[in-house]
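Summary of the model geometry
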Amino acid sequence: MTAARRGARPKPWASRTARAILARQHEGFGMDGNTGGTALTQKHRELIEAARAATAQAYARYSGFRVGAALLSEQGNVYTGCNVENVSYPVGVCAERNAIGAAVRAEGPGLRVAAVAVVAFNRRDEPSACSPCGECRQAIREFSGSAEVIYMGREGDMTVRTIAELLPDAFGSG
């Protein structure tokens, strides 16, 4: 039985192993082979760190899969969100959409998104590949047609894509 199921508070954000893996990716990681050499900027690293910190608040009682998102608005503000699960699966909300909600609440309907970072940890507190789901991609696209999306890819590398690359045939005018 996991600590979360026993009612104990989960670790602040992840295990020492997970911190080491993320630190290794941040230090000395300059180019992403999957994106044609997109460099991780200092702003990307700050968003990744904010997203990682948001995983501490995730309510992932059923899956144990904690996700954090950090959104950078074009005004230069950072907003975070975490996933919130529900026993009735469709009622749960993803971290990305929670971050968007926080941003809209703060900046209003004129919000424009510059970038979003997504970080996830599995039950063993290991970093996990996690790109935004289709609903979150469409939600990001609502507020920008060119936002950068930073997430861990299948190979464990931090991947940078534009929302247009992730959702080429999106609805709306974002």
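Below you will find a few notes about this structure. (Residues numbered from 1 in each chain as written. Predicted model: local features only at pLDDT ≥ 70, side-chain atom pairs only at ≥ 80, totals over all residues. Heavy atoms only, no water.)

1. Looking at the nonpolar core
One recurring pattern in soluble globular proteins is that nonpolar side chains are buried together. Membership of the largest hydrophobic core comes to 22 residues, with the highest contact counts inside it found for L71, V113 and I140. In contact with V113, not counting residues within four places along its chain, are L71, L72, S73, E74, F143, S144 and A147. L40, I48, A50 and I150 belong to the second largest nonpolar core, which has 15 residues in total. (Core = buried A, V, L, I, M, F, W, Y, C linked by side-chain atoms within 4.5 Å. Buried < 20%, exposed > 50% of the residue type's maximum accessible area, 1.4 Å probe, protein only. Contact = heavy atoms within 4.5 Å.)

2. Some words on the pattern of salt bridges
The full count for this structure, using the stated rule, is five salt bridges. Between R52 and E49 there is a salt bridge, with its nearest N and O atoms 1.9 Å apart. With a gap of three residues between them, R52 and E49 both fall in helix α2 (residues 42–54), about one helical turn apart. We classify R52 as buried; its relative accessible area is 10%. You can call E49 partly exposed: its relative accessible area is 38%. One salt bridge in this structure joins R97 and E135, with 3.3 Å as the shortest N-O distance. Within this pair, whereas R97 is found in helix α3 (residues 95–107), its partner E135 is found in helix α4 (residues 134–143), the two being separated by 38 residues in sequence. Accessibility expressed as a relative area gives 24% for R97, which makes it partly exposed. (Salt bridge = Lys/Arg side-chain N within 4 Å of Asp/Glu carboxyl O. Helix = DSSP H or I, 4+ residues; strand = E, 2+ residues; numbered from the N terminus.)

3. Focus: the environment of V119
Topologically, V119 is positioned in strand β5 (residues 113–121). Expressed as a C-alpha distance, the spacing of V119 and I48, which sit 71 residues apart in the sequence, is 6.8 Å.

4. Brief notes about α3
With 13 residues, α3 should reach 18 Å at 1.5 Å per residue; the first-to-last C-alpha distance of 18 Å fits that figure. Of all the positions in α3, only A95, E96, A99, I100, A103 and E107 are classed as buried. Projection of α3 onto a plane perpendicular to its axis shows the buried side chains occupying an angular sector of 135 degrees, all on one side. (Expected span 1.5 Å × (residues − 1). Arc of directions from axis to C-beta.)

5. So, the pairing of strand β6 (residues 148–152)
β6 sits mainly inside the fold: four of its five residues count as buried. Relative to β6, β5 is paired through four bridges, and the arrangement is parallel. Opposite V118, over in β6, you have Y151 as the bridge partner. For the segment spanning β5, α4 and β6, crossover handedness is right-handed. Here β6 pairs with strand β7 (residues 158–162) via five bridges, running antiparallel. The partner of Y151 across the bridge, within β7, is T159. (Pairing = 2+ DSSP bridges. Right-handed = clockwise from strand over helix to strand, strands pointing away.)

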